[in-house]
Amino acid sequence: MHAAPAQQLDHASVRAAAARIAGAIRPVTVAPAAEAGVWYALEYLQHTGSFKARGARNFLAAHHEAGALPAAGVTIASGGNAGLACAWAARALSVPATVFLPANAPRVKVERLRGYGSEVRLVGDRYAQALAACEEFAAESGALSSHAYDHPLIAAGAGTLLEEIRAALPGLDTVVVAVGGGGLFAGVATAAREHGVRVVAVEPENCRALNAALAAGRVVDVAVESVAADSLGATRVSADALAAAQEKNVTSVLVSDTEITAARRALWEEHRIVVEAGAATAAAALRTAPQPLGDRVAVILCGANTDPRDLVEQAEQHETHHGSR
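Just so you know, these numbers come straight off a predicted model, no measurement behind them. Numbering of residues starts from 1 in every chain and runs along the sequence as written. Under the rules for a predicted model, residues below a pLDDT of 70 receive no local features and side-chain atom pairs below 80 are neither given nor counted, while totals for whole chains, interfaces and linings still include all residues. Only hydrogens and water are set aside; all other atoms, that is, all heavy atoms of the structure, feed into the side-chain values.

Draft legend 1. Spatial organisation of the overall build of the protein. Along the protein, the regular secondary structure elements total 13 helices and ten strands. For the radius of gyration, the atom set is restricted to C-alpha positions; the globular benchmark scales as 2.2 Å times the number of residues to the power 0.38. Against the 2.2 N^0.38 benchmark of 20 Å for 325 residues, the protein shows a C-alpha radius of gyration of 19 Å, consistent with a compact globule. Along the first, second and third principal axes, the C-alpha atoms of the protein reach 65 × 40 × 40 Å. The classification of residues rests on relative accessible area computed with a 1.4 Å probe and restricted to protein chains. Under 20% of the type maximum is buried, over 50% is exposed, and intermediate values are partly exposed. Looking at the 325 residues of the protein, the share that counts as buried comes to 54%. Any two residues whose heavy atoms approach within 4.5 Å are treated as being in contact. Of the contacts formed within the protein by residues at least 6 apart in sequence, a portion of 72% connects residues at least 24 apart. Counting every atom, the protein has about 13,400 Å² of accessible surface; 49% of that belongs to carbon and sulfur. A residue counts as positive if it is Lys or Arg and as negative if it is Asp or Glu; His and the chain ends are not included. Charge coordinates come from a single atom per side chain, which is NZ of Lys, CZ of Arg, CG of Asp or CD of Glu. Positive and negative charge centroids in the protein, built from 27 and 33 side chains respectively, lie 3 Å apart. A run of H or I in DSSP becomes a helix once it reaches four residues, and a run of E becomes a strand once it reaches two; helices and strands are each numbered from the N terminus. In these tables, accessible area is a Shrake-Rupley quantity obtained with a 1.4 Å probe, and a residue counts as shielded only by the protein chains included in the view.

Given below as structure tokens:
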């Protein structure tokens, strides 16, 4: 086996990722929002239902090019979306995939994982427990360890999204992105910095790994408790994400679970868009900002691996609460 591919997150690595995954992923669709000067980047239409397909494909393709894919295949610990993307990318390259998830991962994600042909192992009730089991498996089997977000190739793949949004929206000045572990944010911010585009990094108030790291000046562990925790519930951000957030073109914003739920409901009621709470987190910042975020703003709706029934229940509760007024 050859050496692993180079691992550095910069604009050159984002450009290399774009060339590597071209034709394998769906170019993002951009649609106008209700607010003037705002567009939604509909990345939930991506393969596997989230942006994660970009990074997973880039990660495996780069190792494939380098001759660094072991016979044991690839393994990953994921709350869901990254596991789906890894399984999808592995199937495309005929690589075995073993995915570790917390036992409380949404059933829809577990079922889809198995549908991609991967082996699914449910461990514990927190991402850290699934990760420990994944690391043990990799050490014993020799499988290539991927990561839900903390790898330069994963982040670079995600950063290709910003390049596509810019192509669709000439003059883009601001991009709004939800942050969990920071893979999407780090990649997008790296590409945005190259083009002078401002980044608004949005997190739930009780899933604030990036915001807390900025306050501390270093990566720190945080408690996780949010309606969006199934996709944004990382206990810490990557070092690449923190470094990107410390640049002058980045603003960190926190939103409440109530605001996230309202934004998710509004996306359905106003646009007939169904997304997961993690994606609605970015839209929540748009709705709660005291002033416009920019003149030409793209809000990334990053994933839709969710059970739409809970959205219907929320809408019915909202109607019951407000209908008599």
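Further notes follow.
Draft legend 2. Structural context of the sheet that holds strand 6 (residues 144-145). Strand pairing is assigned whenever DSSP identifies at least 2 bridges connecting the two strands. Read across the open sheet, the four strands follow the order 5-4-3-6; overall the sheet is parallel. Because the sheet does not close on itself, it has two edges, and the strands there are strand 5 (119-122) and strand 6. Here strand 3 (residues 74-77) pairs with strand 4 (residues 97-101) via four bridges, running parallel. If you follow alanine 77 over to strand 4, its bridge partner there is phenylalanine 100. Lines fitted to C-alpha atoms define the axes here, with helix axes fitted over just the stretch in contact, and angles between the N-to-C directions of these axes take values from 0 to 180 degrees. Sitting on the sheet, helix 3 (residues 81-92) is in contact with strand 3 and strand 4, with an inclination near 170° to strand 3.

Draft legend 3. Local environment of the sheet that holds strand 8 (residues 198-204). In space, the six strands of this open sheet follow the order 1-2-10-7-8-9, with mixed pairing throughout. Each edge of the open sheet carries a strand with a single partner, namely strand 1 (30-32) and strand 9 (250-255). Geometrically, the sheet is characterised by an average inter-axis angle of 25° between neighbouring strands, direction not taken into account. Note that strand 8 and strand 9 share six bridges and pair parallel. From the neighbouring strand, alanine 201 faces strand 9, where its bridge partner is serine 252. Packed onto the sheet, helix 8 (residues 209-216) meets strand 8 and strand 9 and runs at close to 110° relative to strand 8. With respect to the sheet, helix 12 (residues 277-288) is in contact with strand 2 (38-41), strand 7 (174-178), strand 8, strand 9 and strand 10 (297-300), its orientation differing from that of strand 7 by roughly 135°.

Draft legend 4. Fine view of unusual backbone geometry. In this structure, threonine 48 is a non-glycine residue whose phi angle is positive, near 70°. Assignment of secondary structure puts threonine 48 in the loop between strand 2 and helix 2 (52-65). Of note in the backbone geometry, serine 94 takes a positive phi value of approximately 55° without being a glycine. For serine 94, the location among the structural elements is in the loop between helix 3 and strand 4. Since its relative accessible area comes to 66%, serine 94 is described here as exposed.

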